[in-house]
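Spelled out, the chains give:
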Amino acid sequence: MMRPELRLDSSVFRANIAAVRDRLGDSALMLVLKDDAYGHGLRWAVETALEAGVTAFGSYDVRGGLDVRRIAGGAVSVFAWATSTDEEIDEALLQDIELGIGTVEYLRRVVARAGVLGVRARVHLKIDTGLHRNGVRPEDWPAAVAEARAAERSGSLALVGIWSHIAEASDAEDDDAQAVFLDAVRETGASGAVPAALHLTASAASWWRPELRGTVSRIGAFCYGIRSADGPELDGVRPAASLGAPVVRLDGDCAVVAVGSLDGLPSTLAGMPVGTPAGPRVANAVELATTTVAGWPGMAVGDEVTVFGPGVHGEETATTLAERIDTVGEEILTRLGPRIRRRVVE
Ligand SMILES: *Cc1c(COP(=O)(O)O)cnc(C)c1O
């Protein structure tokens with residue numbers, strides 16, 4: 001190996017999924033796959049998750065949702081929540097992608113396209129519970145639900161979910177968000193059946209605040225083994241990916257390793273510990289195409305350095321590295337460029 005590699009450990013990913021599902025209890029897992037499955041690669045993530053029994057997937061946009069459908073086939077549910085063009089709506093409806101809808105304008109477009117295509121759109125209506133990103137404001141909720149109910153009666157829509165996204169910044173804010181969410185669920189129930197999929201929480205809140213969980217939990221980070229920045233360790237969850245790079249040259253007391261900032265490794269990580277055959281060593285500098293690491297006895301070209309991973313060679317996790325530069329573990333993974341080969345090891 002003379003190139004950097006992101007090693008994907010399928011058994012760890014499957015074990016993480018099992019640990020998350022255990023923790024979720026009655027709340028069903030929707031595995032979130034945005035950003036090319038958090039940098040791990042969509043195909044591997046979907047295929048491995050299918051082996052682990054996952055039946056519901058969440059993709060940010062319709063494009064990604066269609067990719068999931070192609071990989072996973074027709075037996076799973078796929079949810080895409082980004083507001084989309086009419087062309088994308090058409091493809092989504094024809095491929096049975098469930099759509100997250102956060103505005104009445106988008107609701108009308110989806111209903112119109114479903115009418116034209118003669119299909120029933122499966123939608124999850126989003127209530128704005130305080131983030132003010134996307135979502136129907138509470139004062140507009142009854143009117144939005146009335147439109148959805150009318151479209152249900154005309155055969156062009158099935159309201160299958162109510163959802164929102166919470167900040168996970170403070171327990172008090174999340175409690176307030178849940179109260180708004182539950183009000184919206186109650187109001188919806190007054191005009192017909194309450195949809196089966198009620199979802200509010202992502203990794204951290206689903207794990208640590210069981211009382212906030214709905215019937216579904218949308219989980220990305222923890223399934224990949226990425227814990228929250230500045231958050232506690234997670235029982236039964238380990239990083240599924242590790243970044244390895246070969247020593248390409250020796251420079252005095254240092255080893256020069258073939259991965260650098262052009263590969264997406266932030267140069268501000270200089271000073272981080274990395275894993276070597278002799279245990280942890282400091283990476284003194286992250287240059288464009290290489291990283292310079294304090295040497296070890298007997299080091300040689302071709303030796304392997306682990307930049308981040310589960311800790312087997314003394315390396316830290318993506319989240320621990322992220323904490324050094326005030327970001328989140330997801331960011332370390334999703335920035336990794338295409339020059340880094342993804343290789344399944346297990
Ligand atoms: C990213 C995302 C998630 C998953 O968040 P994690 O913290 O990675 O579990 C869930 N829902 C939405 C809307 C998201 O954007």
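Since we're looking at a predicted model, the values are computed, not measured.

**Regarding the overall build of the protein**
And then number 1: When helices and strands are counted, the protein shows twelve helices and 16 strands.
And then number 2: In terms of overall size, the protein behaves like a compact globule, its C-alpha atoms giving a radius of gyration of 22 Å where 346 residues would be expected to give roughly 20 Å.
And then number 3: C-alpha atoms of the protein, sized along the principal axes, occupy 75 × 40 × 30 Å.
And then number 4: Taking all 346 residues of the protein together, 53% fall into the buried category.

**Structural notes on unusual backbone geometry**
And then number 1: Unlike most non-glycine residues, tyrosine 38 shows phi in positive territory, near 55°.
And then number 2: Inspection of the secondary structure puts tyrosine 38 in helix α2 (residues 34-38).
And then number 3: By relative accessible area, tyrosine 38 is classed as buried at 7%.
And then number 4: For histidine 132, which is not glycine, the phi dihedral falls at a positive 55°.
And then number 5: Looking at where histidine 132 falls in the secondary structure, it is placed in the loop between β6 (121-126) and α7 (141-154).
And then number 6: For histidine 132, a relative accessible area of 53% corresponds to the exposed category.

**What about the packing of aromatic side chains?**
And then number 1: Applying the stated criterion to the full structure yields nine aromatic pairs.
And then number 2: Where phenylalanine 79 meets tryptophan 163, the ring centres are 5.3 Å apart and the plane angle is 90°; that geometry is what we call edge-to-face. Of this pair, phenylalanine 79 sits in strand β4 (residues 77-80) while tryptophan 163 sits in strand β7 (residues 157-163), and the two are 84 residues apart along the sequence. Take phenylalanine 79 and tryptophan 163: they sit in the same class, and that class is buried.
And then number 3: An aromatic cluster is built from Phe13, Tyr38, Trp44 and Tyr224, whose rings are joined through pairwise contacts.
And then number 4: The cationic tip of arginine 23 hangs over the ring face of tryptophan 208; the distance from NZ or CZ to the ring centre is 5.3 Å.

**Thoughts on the site of the ligand**
And then number 1: Residues in contact with the ligand, as listed here, are Val32, Lys34, Tyr38, Trp81, Trp163, His165, Ala202, Ser203, Arg218, Ile219, Gly220 and Ala221.
And then number 2: Interatomic distance of 2.8 Å between a side-chain N/O atom of arginine 218 and a nitrogen atom of the ligand.
And then number 3: For the ligand, whose accessible area on its own is 390 Å², the fraction buried by protein is 88%.
And then number 4: Where the shell around the ligand is concerned, the elements lending two or more residues are α2 and β9 (216-219).
And then number 5: Here the residues of the shell around the ligand sort into seven nonpolar, three polar and two charged.

**Structural notes on the pairing of β9**
Residues in a regular strand project their side chains so that they alternate between the two faces of the sheet.
And then number 1: Where burial is concerned, the two faces of β9 agree: the one with Val216 and Arg218 and the one with Ser217 and Ile219 are both buried.
And then number 2: Bridge count between strand β2 (residues 28-32) and β9: four bridges; the pairing is parallel. Bridge pairing in β9 links leucine 31 to isoleucine 219.

**Structural notes on helix α1 (residues 10-24)**
And then number 1: Counted at 1.5 Å a residue, the expected span for α1 with its 15 residues is 21 Å, and the 21 Å between its end C-alpha atoms agrees.
And then number 2: Listing the buried residues of α1 in full gives Ser10, Val12, Phe13, Asn16, Ile17, Ala19, Val20 and Leu24.
And then number 3: The positive-phi residue at the C-terminal boundary of α1 is glycine 25, with phi of around 60°.

**Some points on the sheet that holds β7**
And then number 1: Pairing is parallel across the open sheet formed by eight strands, whose spatial order is β8-β7-β6-β5-β4-β3-β2-β9. Two strands in the sheet have a free side with no partner beyond their single neighbour: β8 (197-199) and β9. With direction set aside, neighbouring strand axes in the sheet form an average angle of 30°.
And then number 2: Direction of pairing for β7 relative to β8: parallel, over a ladder of three bridges. Note on β8: the bridge partner recorded for glycine 161 is alanine 197.
And then number 3: Across the sheet, helix α8 (residues 171-189) is in contact with β7 and β8; its angle to β7 comes to roughly 155°.

**Some words on the environment of aspartate 35**
And then number 1: Looking at where aspartate 35 falls in the secondary structure, it is placed in helix α2.
And then number 2: By relative accessible area, which is 52% here, aspartate 35 ends up exposed.
And then number 3: Each C-alpha atom of the pair aspartate 35 and glutamate 315 lies 24 Å from the other, and the pair is 280 residues apart in sequence.

**Observations regarding the nonpolar core**
And then number 1: Counting residues in hydrophobic clusters, the biggest one holds 106 residues, and the most contacted among them are Phe13, Leu33, Phe57 and Phe308.
And then number 2: It is α1 that provides the largest number of residues to this core, a total of six residues.
And then number 3: Those residues in contact with phenylalanine 308 that lie beyond four places of it in its chain are Leu6, Ala241, Ser242, Leu243, Glu315, Glu316, Thr317, Ala318, Leu321, Ile332, Leu333 and Leu336.

Rules behind the numbers
Residues numbered from 1 in each chain as written. Predicted model: local features only at pLDDT ≥ 70, side-chain atom pairs only at ≥ 80, totals over all residues. Heavy atoms only, no water. Helix = DSSP H or I, 4+ residues; strand = E, 2+ residues; numbered from the N terminus. Rg over C-alpha atoms; globule rule 2.2 N^0.38 Å. Buried < 20%, exposed > 50% of the residue type's maximum accessible area, 1.4 Å probe, protein only. Phe/Tyr/Trp six-rings, centres within 6.5 Å; stacked < 30°, edge-to-face > 60°. Lys NZ or Arg CZ within 6 Å of the ring centre and 35° of its normal. Near = heavy atom within 4 Å. Polar contact = N/O pair within 3.5 Å; in protein donor to acceptor, adjacent residues only side chain to side chain. Areas by Shrake-Rupley, 256 points an atom, 1.4 Å probe, with all protein chains shown as cover. Nonpolar A, V, L, I, M, F, W, Y, C, P; charged D, E, K, R; others polar. Pairing = 2+ DSSP bridges. Expected span 1.5 Å × (residues − 1). Axes fitted to C-alpha atoms, helices over the stretch in contact; angles between N-to-C directions. Contact = heavy atoms within 4.5 Å. Core = buried A, V, L, I, M, F, W, Y, C linked by side-chain atoms within 4.5 Å.

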